[in-house]
Amino acid sequence: MARAQVLKAKELEFALAARSLGASHARILLRHLLPNILQPVLVQATIGMAGAILAEATLSFLGLGVLVPNPSWGAMLNDARSHLFDAPHMVVFPALAVMSAVLAFNLVGDAWRDWLDPRTRSQMLALEQSR
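All chains use their own residue numbering, which begins from 1 and follows the written sequence. This being a predicted model, a pLDDT of at least 70 is required before a residue's local features are given, and a value of 80 or more before pairs of side-chain atoms are given or counted; all residues contribute to the totals for chains, interfaces and linings. Values shown for side chains rest on all heavy atoms present in the structure; no hydrogens or waters enter the calculation.

Peer 1: What am I meant to see in the pattern of salt bridges here?
Peer 2: If the charged atoms of two oppositely charged side chains come close together, the side chains can form a pair. Whenever a carboxyl oxygen of Asp or Glu lies within 4 Å of a side-chain nitrogen of Lys or Arg, that contact is scored as a salt bridge. Counted according to the given criterion, the structure contains two salt bridges. Two residues, D110 and R113, come together in a salt bridge whose shortest N-O distance is 2.3 Å. Here D110 pairs with R113, and both are found in helix α5 (residues 89–116), just three residues apart, close to one helical turn. Looking at D110, the relative accessible area reads 33%, which means it is partly exposed. Via salt bridges that share partners, D110, R113 and D114 belong to a single interconnected network. Labels follow the DSSP assignment, with helices taken as runs of H or I lasting at least four residues and strands as runs of E lasting at least two, numbered in each case from the N terminus. Each residue's exposure class comes from its accessible area (1.4 Å probe, protein chains only) as a fraction of the maximum for that residue type: buried when under 20%, exposed when over 50%, partly exposed otherwise.

Peer 1: Explanation requested: the packing of helix α4 (residues 73–80) against α5 in the structure shown.
Peer 2: Angle between the axes and distance between the axes: these two values describe a pair of packed helices. To define axes, lines are fitted to C-alpha atoms, for helices over the stretch in contact only, and angles between the resulting N-to-C directions are given on a 0 to 180 degree scale. Running from N to C, α4 and α5 point in directions that differ by 155 degrees, and their axes come no closer than 9 Å. Here α5 runs roughly antiparallel to α4, going by the angle between their axes. Handedness of the crossing formed by α4 with α5: left-handed. Across the interface between the two elements, W73, M76, L77 and A80 of α4 pack against M90, V91, P94, A95, A97, V98 and A101 of α5. Residues that form the contact of α4 with α5 fall into these classes: eleven nonpolar, no polar and no charged. An angle counts as roughly parallel when it lies under 35 degrees, as roughly antiparallel when it exceeds 145, as roughly perpendicular when it falls between 65 and 115, and as oblique in every other case. Crossing handedness is read from the near helix: turned anticlockwise from the far helix by less than a right angle, it gives a left-handed crossing, and turned clockwise, a right-handed one. By definition in these notes, contact holds between two residues if any of their heavy atoms fall within 4.5 Å. Amino acids are sorted into nonpolar (Ala, Val, Leu, Ile, Met, Phe, Trp, Tyr, Cys and Pro), charged (Asp, Glu, Lys and Arg) and polar (every other residue, Gly among them).

Peer 1: Any chance you could explain helix α6 (residues 118–130) here in plain terms?
Peer 2: Three- or four-residue spacings in an α-helix give side chains the same orientation, since the helix completes a turn every 3.6 residues. Any helix carries an expected span of 1.5 Å times its number of residues minus one. If you check α6, its first and last C-alpha atoms are 18 Å apart, about what 13 residues at 1.5 Å a residue would give, namely 18 Å. In terms of residue burial, α6 counts as a barely covered element, since only zero of its 13 residues are buried.

Peer 1: Would you take a moment to explain the layout of surface pockets for this structure?
Peer 2: Regions of empty space are outlined by a rolling probe, equal in size to a water molecule, passed over the atoms. Estimated volume of the largest pocket: approximately 350 Å³. P35, N36, Q39, P40 and P118 are the residues nearest the centre of the largest pocket, which is lined by 14 residues in total. Per element, the largest residue contribution to the lining of the largest pocket is six residues, and it comes from helix α3 (residues 25–62). Across the lining of the largest pocket, the residue classes tally to nine nonpolar, three polar and two charged. If you add up the space inside the second largest pocket, you get close to 210 Å³. Lining the second largest pocket we find 14 residues, and of these V66, L67, V68, A75 and D79 sit closest to its centre. If you tally residues by element for the lining of the second largest pocket, the top one is α4, at four residues. Of the residues assigned to the lining of the second largest pocket, the class counts are seven nonpolar, six polar and one charged. The method works on a 1 Å grid over the protein atoms by themselves. A cavity is a set of points holding a 1.4 Å probe that cannot get out, a pocket is an open set with protein on both sides within 12 Å along at least five of seven lines, and residues with an atom within 4 Å of a point line them. Grid points are joined across faces, edges and corners, and a volume is the space filled by probe spheres set on the points.

Following this line, the structure appears as structure tokens:
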């Protein structure tokens, strides 16, 4: 994704203007391209982390994930499945941990998207000033 964003951003007007003014490749990359590709890469990374947590927990629940001596939320859920009615806390707490971790990564990604997007930030500032 970072490569695609750089390839797209390097053809925009500000990058071409910096190149025509004689800026070095390092300066164009650090001062112009990196700040413009940071937002989508960070947001995609947080959403990807949420997906990775869900994938690991699912595979571990099925017995295809992390090996036995290492702890995993999915393996905890699989082990506690037979004790669902006599010890429900063994299922509830790992499930809440998976849910809260995935929700936290999604909310952080959404907040970063709102905060790093100039259009959304200007709209949020306008709403705050109108109150």
